[in-house]
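# Remarks on the overall topology
Next come the chains, spelled out residue by residue.
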Number of protein chains: 2
Amino acid sequence: MKATAKANTNIALIKYWGKRDEKLFLPMNGSISITLDRFYTITAVEFKRDLQKDVFLLNNQLSSEAEGQKVFRFLDIIRELSGTDLNAVITSENRVPTAAGFASSASGFAALSAAAAKALNLELSEKELSALARRGSGSACRSIYGGYVEWQKGERADGKDSVAHQLLPEDRWNISILSVMVASKQKKISSREGMKRTVETSPFYTGWLQTIDTDLQKAREAIISKDFEKLGRVVEANALKMHATMLGATPPFFYWQSGTMEVMEQVQNLREDGIPVYFTIDAGANVKVLCLPEDEQKVYEALLTLPSVKEVITCHPGAGITYL
Amino acid sequence: MKATAKANTNIALIKYWGKRDEKLFLPMNGSISITLDRFYTITAVEFKRDLQKDVFLLNNQLSSEAEGQKVFRFLDIIRELSGTDLNAVITSENRVPTAAGFASSASGFAALSAAAAKALNLELSEKELSALARRGSGSACRSIYGGYVEWQKGERADGKDSVAHQLLPEDRWNISILSVMVASKQKKISSREGMKRTVETSPFYTGWLQTIDTDLQKAREAIISKDFEKLGRVVEANALKMHATMLGATPPFFYWQSGTMEVMEQVQNLREDGIPVYFTIDAGANVKVLCLPEDEQKVYEALLTLPSVKEVITCHPGAGITYL
């Protein structure tokens with residue numbers, strides 16, 4: 001009745017942007033990500049008789065009511081699957097710097113799904129585990145797998161085909177992902193709210209959907225053939241498109257800040273100097289910079305010279321779910 | 001055979017972005033602008049017998065070959081209209097700081113059209129003059145009129161209905177337009193090239209066109225009713241949409257730099273403090289900030305505190321063509 005799992009977070013190369021079902025976390029479009037080696041969540045779940053309520057300990061602290069509710073409601077889905085009504089103690093160690101603009105919910109719900117399913121002996125396939133994790137947080141379905149991962153949007157209303165699969169294992173292609181933290185104010189619009197407003201009001205959302213299959217295809221091909229420049233070009237263009245859709249929303253909004261722009265400019269400068277380096281940006285001010293391992297040091301130093309850059313953490317492709 | 005005219009430059013509130021005819025400068029969409037009081041071109045044109053070639057003196061210097069060619073080819077259009085084959089001496093004093101991101105071509109071709117037409121006694125109506133100026137540079141057609149001006153895109157293939165008209169004279173509504181120059185590198189993509197690439201490749205261009213009539217309508221209503229906040233909201237949203245379309249182009253491009261973003265953030269801060277203030281951005285890194293005259297000093301000071309801001313020049317609505 002007890003199990004412990006570790007899941008790494010992931011960074012989207014082709015972005016998940018917009019839900020077609022808010023409740024089941026079904027996306028409007030497919031996405032592709034890299035599971036990273038440095039930011040993770042380790043979660044232990046123990047179902048217990050005579051436990052009156054679920055208990056959630058996050059980084060050795062009793063969680064807030066709001067954090068707890070998300071987790072407990074997610075456990076309800078798993079309890080329904082297994083037919084149990086036992087409560088659980090969930091102990092999470094979260095090593096995702098939320099300031100870095102990484103969604104800790106991806107590794108969080110991936111680890112929770114894996115640990116809870118194992119504790120209840122559910123014997124889920126990886127695909128089933130991926131679909132389950134998705135119901136906690138969309139991008140969590142990708143963190144089940146290591147390396148390069150694609151989340152197919154699926155067609156079914158129940159979401160059973162909206163699951164991830166691995167495109168290439170982490171040890172087959174090493175690239176460097178530099179997570180660049182810039183001086184910035186707190187973001188005012190959550191990504192959940194941002195995608196909702198975009199889907200509902202932006203005249204550019206149709207254009208986003210129209211080009212996503214081509215972007216997915218290019219990224220897939222680039223990953224399979226390990227063509228870094230091809231991958232970088234489509235990754236950067238896709239991120240710019242995602243951010244463009246928000247600029248058309250009513251009211252418009254944007255996550256970029258002056259430090260974001262500084263990093264984008266520096267990446268362009270480095271590229272003009274002949275270094276293959278590209279950026280991507282999620283729903284926040286920070287930037288993730290992709291380069292080849294042989295250029296990692298040079299790129300790292302060039303980023304640290306920028307006045308707005310506070311910290312740069314270098315990651316590489318990492319593993320999927322592991323049980324401890 | 002000689003005449004001198006002065007034209008002010010203008011700043012687009014609802015942007016001209018995309019041509020449907022490259023040669024006749026026919027736009028894909030209508031636009032609305034304010035003619036400004038501080039940046040202008042004064043041009044004298046004298047047609048002379050026995051002059052072997054056109055001569056163009058810009059700010060007391062013989063112009064470059066490229067600048068000259070644009071002007072001489074434009075004079076050919078006027079010569080054809082009037083049936084003359086005389087060459088001319090064109091003397092221009094250009095007081096548009098190109099570093100401010102204002103298109104000196106707007107005031108330049110407006111002044112040139114007016115002076116040349118008068119020198120040849122063409123007796124053009126303002127509409128005809130507007131259509132003529134448009135053939136030198138699209139936005140020049142708006143600088144014929146003072147104050148708040150709309151350029152109707154028109155439907156005809158010959159462009160005769162693609163002309164501007166005045167919505168509200170300059171002395172009927174005074175607002176402040178602060179031209180903010182930020183530290184920036186030279187822009188790499190001309191607006192002409194930028195709009196062409198956007199029209200041809202951006203999946204967002206359709207969304208731009210779909211919402212332009214609503215934006216024009218809102219801006220028109222706001223100007224007629226002198227509703228500053230209504231005007232500001234649509235102006236800012238329209239500028240963001242124009243810049244969004246470029247982010248979707250192949251390859252993507254953008255004019256914003258870190259200083260641009262700094263000013264955008266500061267405008268949002270001021271607004272959160274209760275000051276009605278809005279920005280607009282053309283095809284460059286600089287920002288134009290709109291506010292009410294009573295807030296001008298406060299806004300000016302808040303902008304000058306920003307590290308990237310090099311200079312702020314305050315303008316107000318100005319006159320159309322005047323003959324000297």
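The rules we used
In every chain, residue numbers begin from 1 and rise along the written sequence. Here the convention is simple: chains get letters from A, ligands get numbers from 1, in the order in which they are written. Residue-level local features of this predicted model are given only where pLDDT is at least 70; pairs of side-chain atoms are given and counted only at 80 or more, and the full residue set underlies all totals for whole chains, interfaces and linings. Where side-chain values are given, they derive from all heavy atoms of the structure, hydrogens and water being excluded. Here a helix means four or more residues in a row that DSSP labels H or I, a strand means two or more in a row labelled E, and each is numbered from the N terminus. This radius of gyration counts C-alpha atoms alone. The globule rule is 2.2 Å times how many residues there are, raised to the power 0.38. Each residue's exposure class comes from its accessible area (1.4 Å probe, protein chains only) as a fraction of the maximum for that residue type: buried when under 20%, exposed when over 50%, partly exposed otherwise. Residue contacts are counted whenever heavy atoms from the two residues lie within 4.5 Å of one another. The sign given to each residue is positive for Lys and Arg and negative for Asp and Glu; His and the chain ends receive no count. Where a charge lies is defined by one atom per residue type: Lys uses NZ, Arg uses CZ, Asp uses CG and Glu uses CD. For two strands to pair, DSSP has to find at least two bridges joining them. Angles shown run from 0 to 180 degrees and are taken between the N-to-C directions of axes, each axis being a line fitted to C-alpha atoms and, for helices, limited to the stretch in contact. A least-squares superposition brings the copies together, and it is based on the C-alpha atoms of residues with pLDDT no lower than 70 in both. Put simply, buried area is how much 1.4 Å-probe accessible surface two parts lose in total, over both of them, once they are put together. One speaks of a salt bridge when a side-chain nitrogen belonging to Lys or Arg is within 4 Å of a carboxyl oxygen belonging to Asp or Glu. Each residue gets one of three labels, nonpolar for Ala, Val, Leu, Ile, Met, Phe, Trp, Tyr, Cys and Pro, charged for Asp, Glu, Lys and Arg, and polar for the others, Gly among them. Aromatic pairs are defined between Phe, Tyr and Trp rings, using the six-membered ring for Trp, whenever the two ring centres lie within 6.5 Å; interplanar angles under 30 degrees are classed as stacked, those over 60 as edge-to-face, and all others as tilted. Should the NZ of a Lys or the CZ of an Arg lie within 6 Å of a ring centre and within 35 degrees of the ring normal, that charge is described as sitting over the ring. Where each domain begins and ends follows an automated or database-derived domain assignment. Whenever two N or O atoms come within 3.5 Å, that pair is a polar contact, provided that in protein one can donate a hydrogen and the other can accept it, and provided that, for residues adjacent in sequence, both atoms are side-chain atoms. Throughout, nonpolar core names a set of buried Ala, Val, Leu, Ile, Met, Phe, Trp, Tyr and Cys residues whose side chains join them through atoms within 4.5 Å.

## Focus: the overall build of chain A
Scanning chain A from N- to C-terminus turns up eight helices and 14 strands. Scaling as 2.2 N^0.38, a compact globule of 324 residues should have a C-alpha radius of gyration of about 20 Å, and chain A matches this with 19 Å. Referenced to the eigenvectors of the C-alpha coordinate spread, the extents of chain A come out at roughly 65 × 40 × 40 Å. Classification of the 324 residues of chain A by burial places 62% in the buried group. The contacts in chain A between residues at least 6 apart in sequence include a share of 75% that link residues at least 24 apart. When the 39 basic and 39 acidic side-chain charges of chain A are each reduced to a single mean position, those positions are 4 Å apart.

## A look at the environment of A116 of chain A
All names here are of chain A. Positionally, A116 belongs in helix α2 (residues 104–119). Classification of A116 by relative accessible area gives buried; the value is 0%. With 83 residues separating them along the chain, A116 and V199 place their C-alpha atoms 33 Å apart.

## Observations concerning the sheet that holds strand β13 (residues 309–315) of chain B
Residue and element names in this part refer to chain B. Read from one edge of the open sheet, four strands run β11-β12-β10-β13, paired in antiparallel fashion. Since the sheet does not close on itself, it has two edges, and those belong to β11 (277–280) and β13, each with one partner. Within the sheet, the average angular offset between the axes of one strand and its neighbour, ignoring direction, is 25°. Inspection of the sheet shows strand β10 (residues 176–182) paired to strand β12 (residues 287–291) by five bridges, in the antiparallel sense. Of the residues in β12, the one forming a bridge with V180 is V287. Here helix α6 (residues 228–247) sits on the sheet in contact with β11 and β12, set at roughly 30° to β11. Against the sheet, helix α7 (residues 258–272) contacts β10, β11, β12 and β13, and its axis sits at roughly 160° relative to β11.

## Remarks on the relation of the copies chain A and chain B
Rotating chain A by 180° and moving it 0.0 Å along the rotation axis overlays it on chain B with an RMSD of 0.0 Å. Read as a symmetry element, the transformation amounts to a two-fold axis. When you check the interface residues of chain A against chain B, 96% turn up at the interface there too, and the contact is symmetric in its surfaces.

## Comments concerning the interface of chain A and chain B
Listed as interface residues are 27 residues of chain A and, on the opposing side, 26 residues of chain B. A combined buried area of about 2400 Å² lies between chain A and chain B, and 72% of that area is made up of carbon and sulfur atoms. The largest contributions to the chain A side of the interface with chain B come from F204, L247 and F254 of chain A, which together make up 26% of the buried area. Inspection of the chain A/chain B interface yields zero salt bridges. Listed by contribution, the elements that provide at least two residues to the side of chain A that touches chain B are α5 (205–224), α6 (228–247) and α7 (258–272) of chain A. If one sorts the elements of the side of chain A that touches chain B by residue count, α7 of chain A sits on top with eight residues. Its residues placed into classes, the side of chain A that touches chain B shows 12 nonpolar, nine polar and six charged.

## Section: the pairing of strand β4 (residues 31–48) of chain B
All names here are of chain B. Burial analysis of β4 places 14 of its 18 residues in the buried class, the great majority of the element. Examined bridge by bridge, strand β1 (residues 2–14) and β4 share 11 bridges and lie antiparallel to one another. Paired with I11 across the strands is I34, a residue of β4. In this sheet, strand β8 (residues 148–151) lies alongside β4 in antiparallel orientation, the contact comprising four bridges.

## With respect to the pairing of strand β8 (residues 148–151) of chain A
Residue and element names in this part refer to chain A. Residues Y148 and E150 line one face of β8 and the alternating positions V149 and W151 line the opposite face, and both faces are buried. Bridge count for β8 against strand β9 (residues 164–168) is four bridges, and the pairing is antiparallel. By the bridge assignment for β9, Y148 is matched with L168.

## Looking at the sheet that holds strand β10 (residues 176–182) of chain A
Residues and elements named next belong to chain A. Taken together, four strands build an open sheet; the order of strands is β11-β12-β10-β13 and the sheet is antiparallel. Two strands lie at the open edges of the sheet, namely β11 (277–280) and β13 (309–315), each paired on one side alone. Strand-to-strand twist of the sheet, defined as the mean angle between neighbouring strand axes without regard to direction, takes the value 25°. Taken together, the six bridges between β10 and β13 define a ladder with antiparallel strand orientation. The residue of β13 that forms the bridge with L178 is T314. Against the sheet, α7 contacts β10, β11, β12 (287–291) and β13, and its axis sits at roughly 160° relative to β11.

## Topic: the packing of aromatic side chains
The geometry of an aromatic ring pair is captured by two quantities: the separation of the ring centres and the angle between the planes. Across all of its chains, the model carries 12 aromatic pairs over all chains by this definition. Pairing Y148 of chain B with W173 of chain B gives two aromatic rings, centres 5.5 Å apart and planes at 25°, and the pair type is stacked. Here Y148 of chain B, found in strand β8, pairs with W173 of chain B, found in the loop between β9 (164–168) and β10; they are 25 residues apart in sequence, far enough to count as distant. Across the pair, W173 of chain B and Y148 of chain B agree in class, each one buried. Both rings, one in F228 of chain B and one in Y278 of chain B, keep their centres 5.9 Å apart while their planes meet at 65°; by these two values the pair is edge-to-face. Placement of the pair is F228 of chain B in helix α6 and Y278 of chain B in strand β11, with a sequence separation of 50 residues. A residue is classified by how much of its surface remains accessible, and F228 of chain B, at 5% relative accessible area, is buried. Its guanidinium or amino end placed over the ring of Y40 of chain A, K6 of chain A lies 4.4 Å from that ring's centre, counting from NZ or CZ.

## Some words on the domain arrangement of chain A
Residue and element names in this part refer to chain A. When the domains of chain A are assigned, the result is domain 1 (2–171) and domain 2 (176–315). Distance from the C-alpha centre of domain 1 to the C-alpha centre of domain 2: 24 Å. Across the boundary between the two partners, domain 1 contributes 29 residues, which contact 41 residues of domain 2. Roughly 2900 Å² is buried in total at the junction of domain 1 and domain 2, and carbon and sulfur atoms are behind 73% of that figure. Its largest share of buried area at the contact with domain 2, domain 1 owes to I14, K15 and W17, together 28% of the area lost on that side. Linking domain 1 with domain 2 are two salt bridges. Between E150 and R220 there is a salt bridge, with its nearest N and O atoms 2.7 Å apart. Scanning the region where domain 1 abuts domain 2 turns up eight residue pairs in polar contact (both at pLDDT 80 or more).

## Focus on the nonpolar core
Grouped together as the largest cluster of nonpolar side chains are 216 residues, with contacts concentrated most on W17, V263 and V289 of chain A together with W17, V263 and V289 of chain B. Setting aside its immediate chain neighbours within four residues, V289 of chain B contacts S176, I177, L178, V180, V263, V267, V277, Y278, F279, V299 and L303 of chain B.

## Quick notes on the environment of S176 of chain A
Residues and elements named next belong to chain A. For S176, the position within the fold is in strand β10. Taking the C-alpha atoms as reference, S176 lies 6.7 Å from T314; in sequence the two are 138 residues apart. Non-local contacts of S176, meaning those with residues more than four positions away in its chain, are made with V289, L290, C291, L292, P293, E296, T314, C315 and H316. Looking at S176, its side chain comes within polar contact range of the side chain of E296, at 2.6 Å. In terms of polar contacts, S176 uses its side chain to reach the side chain of H316, at 3.3 Å.

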